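Take a look at the letters that make up each chain.
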Amino acid sequence: MTKRKRTTIVKKRILAAALAATLSVTMLSGCGKTESASNTNPSETAEEAVEEEAVEEDALREVNVVLDWYPNAIHAFLYTAIERGYFKEEGLDVQIRFPSNASDALSLVAAGKAEIGMYYQHDVIQAIANQKTPVKAIGAIVQSPLCVILSLKDKNITGPEDLAGKTIGYGGTALSEAFIKCMIENVGADSSDVNMVDVGFDLMSSMTTGNVDATIGCLVNHEVPQMEEEGFDVNYFMVNGYGIPNYYEEVFLTNNDILENEPEVAEGFIRACKKGFADFQADPDGCLAILMENQNEENFPLTQSVEEQSCATLLPLMATDDAAFLSMTDDCWQQNIDWMLANGLIDQSVEVSDVMVNLGE
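Residues numbered from 1 in each chain as written. Predicted model: local features only at pLDDT ≥ 70, side-chain atom pairs only at ≥ 80, totals over all residues. Heavy atoms only, no water.

Enquirer: Looking at this structure, how should I read the pairing of strand β1 (residues 61–66)?
Expert: Moving residue by residue along a regular strand, the side chains alternate between the two faces of the sheet. Of the pairings in the sheet, the one linking β1 to strand β2 (residues 92–97) comprises six bridges and is parallel in character. Residue pairing in the sheet places V65 in a bridge with I96 of β2. In the sheet, β1 pairs with strand β3 (residues 116–119) via two bridges, with the strands oriented parallel. Directly across from V65, in β3, lies its bridge partner I116. (Pairing = 2+ DSSP bridges. Helix = DSSP H or I, 4+ residues; strand = E, 2+ residues; numbered from the N terminus.)

Here it is, written out as structure tokens:
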């Protein structure tokens, strides 16, 4: 239900009550009630209440936030900020939206159909460099990668040097291909010795059934504890550190029109998120409980123990001694722009100021 519809319903209900009150007072005054009672104008009071209600409703700026996926541990701070009123304190009415396809967080924000998106650093750079998409990143959600090369323990794959001669499942993206090529060549091996197979979304099942030896694209905070929960012994290693610069796994982005004409919306959103994250740090269990109440059981049911482990993995990666939550550095963006250009993932270089902005600085 839209805010306008809610306000209309509230007005109708209050005006109906006012009419009933007017009739009641008229009847009472006819039965000899005092002059002060008969001169009361309850409809005026009700109209004032209507206006107050309308002002309260209209005072909040609706902000649609498109997630990267269905609710899980990485979103706990968001649902905490909603539940505890931190967005309302900033004058924002945050509505969480789930993506219907992988690029919604980018495309809907770029088109002005949503104010905030939760997306990936490399994809933001690529969209701006190659398509001049009118968006910018406004905060880093995770300060380092979550993506891993994952395999069953009996495959004895513990580093890039063990991938030679192996079959690796991936989601069909040029970025995954570039990651594997870079890692293999960084350890002095021949990347042509690796067989890459597009398995789509079946990263875990393709590995557990033996169709591939390892996968790239699973996350250390989700698929790793999920597989362990299911009784699999696994090995994994992070994708960065083998010629691949550190990168932010996920970022918040908004469109350039918001930054130019309503910067207070983006700034207020970031402030409220920081409050939600501070609560997440101080009380992970309490914030996880809020998340579990907001899970999408139909499409992505959560397992308590998996999400607990995910929270423990995420918290030290979302904020570190050197990097506050949602902070970003020019250097991190520049290194990844340079790496993507060198590996043919973008057509041209872009300025750091074209792809990100640190709000409040």
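Enquirer: Before we go on, may I ask you to explain the nonpolar core in this structure?
Expert: One recurring pattern in soluble globular proteins is that nonpolar side chains are buried together. Formed by 60 residues in total, the largest nonpolar core has its most connected members in F77, I141, F252, F269 and M318. Broken down by element, this core gets its largest block of residues, eight residues, from helix α12 (residues 263–282). Once you skip the residues sitting within four places of it in the chain, F77 turns out to touch I141, F252, C273, G276, F277, F280, M318 and F325. Among the nonpolar cores identified, the runner-up in size contains 48 residues, and I149, V194, A214 and C332 belong to it. (Core = buried A, V, L, I, M, F, W, Y, C linked by side-chain atoms within 4.5 Å. Buried < 20%, exposed > 50% of the residue type's maximum accessible area, 1.4 Å probe, protein only. Contact = heavy atoms within 4.5 Å.)

Enquirer: Help me understand the layout of surface pockets, please; the structure alone is not making it clear to me.
Expert: Over the atoms rolls a probe the size of a water molecule, and its path tells where empty space is left. Approximately 1500 Å³ is the volume found for the largest pocket. Lining the largest pocket are 50 residues; nearest its centre among them are Y120, F201, L203, G217 and L219. Every element with two or more residues in the lining of the largest pocket is listed here: β3, α7 (121–131), α8 (174–186), α9 (203–208), β8 (214–219) and α10 (223–229). In terms of residue class, the lining of the largest pocket is made up of 27 nonpolar, 17 polar and six charged. (1 Å grid on protein atoms, 1.4 Å probe; cavity = no way out; pocket = protein on both sides within 12 Å on 5 of 7 lines; lining within 4 Å. Points joined across faces, edges and corners; volume = space filled by probe spheres on them. Nonpolar A, V, L, I, M, F, W, Y, C, P; charged D, E, K, R; others polar.)

Enquirer: Explanation requested: the sheet that holds strand β4 (residues 135–140) in the structure shown.
Expert: Strand pairing in a sheet takes place through backbone hydrogen bonds and is either antiparallel or parallel in direction. Taken together, five strands build an open sheet; the order of strands is β2-β1-β3-β10-β4 and the sheet is mixed. A single partner strand is all that each edge strand has here, and the edge strands are β2 and β4. Along the sheet, successive strands turn relative to each other by an average axial angle of 30°, direction set aside. With five bridges joining them, β4 and strand β10 (residues 251–255) adopt antiparallel strand pairing. Following the sheet pairing, A140 is matched in β10 by V251. (Axes fitted to C-alpha atoms, helices over the stretch in contact; angles between N-to-C directions.)

Enquirer: Help me understand the environment of P71, please; the structure alone is not making it clear to me.
Expert: Position of P71 relative to the elements: it lies in the loop between β1 and α4 (76–83). Among the residues examined, P71 registers a relative accessible area of 0% and is labelled buried. C-alpha of P71 to C-alpha of F300: the two residues are 229 residues apart in sequence and 7.7 Å apart in space. For P71, the contacting residues outside a window of four places in its chain are Y79, F98, L291, N294, Q295, N296, F300 and L302.

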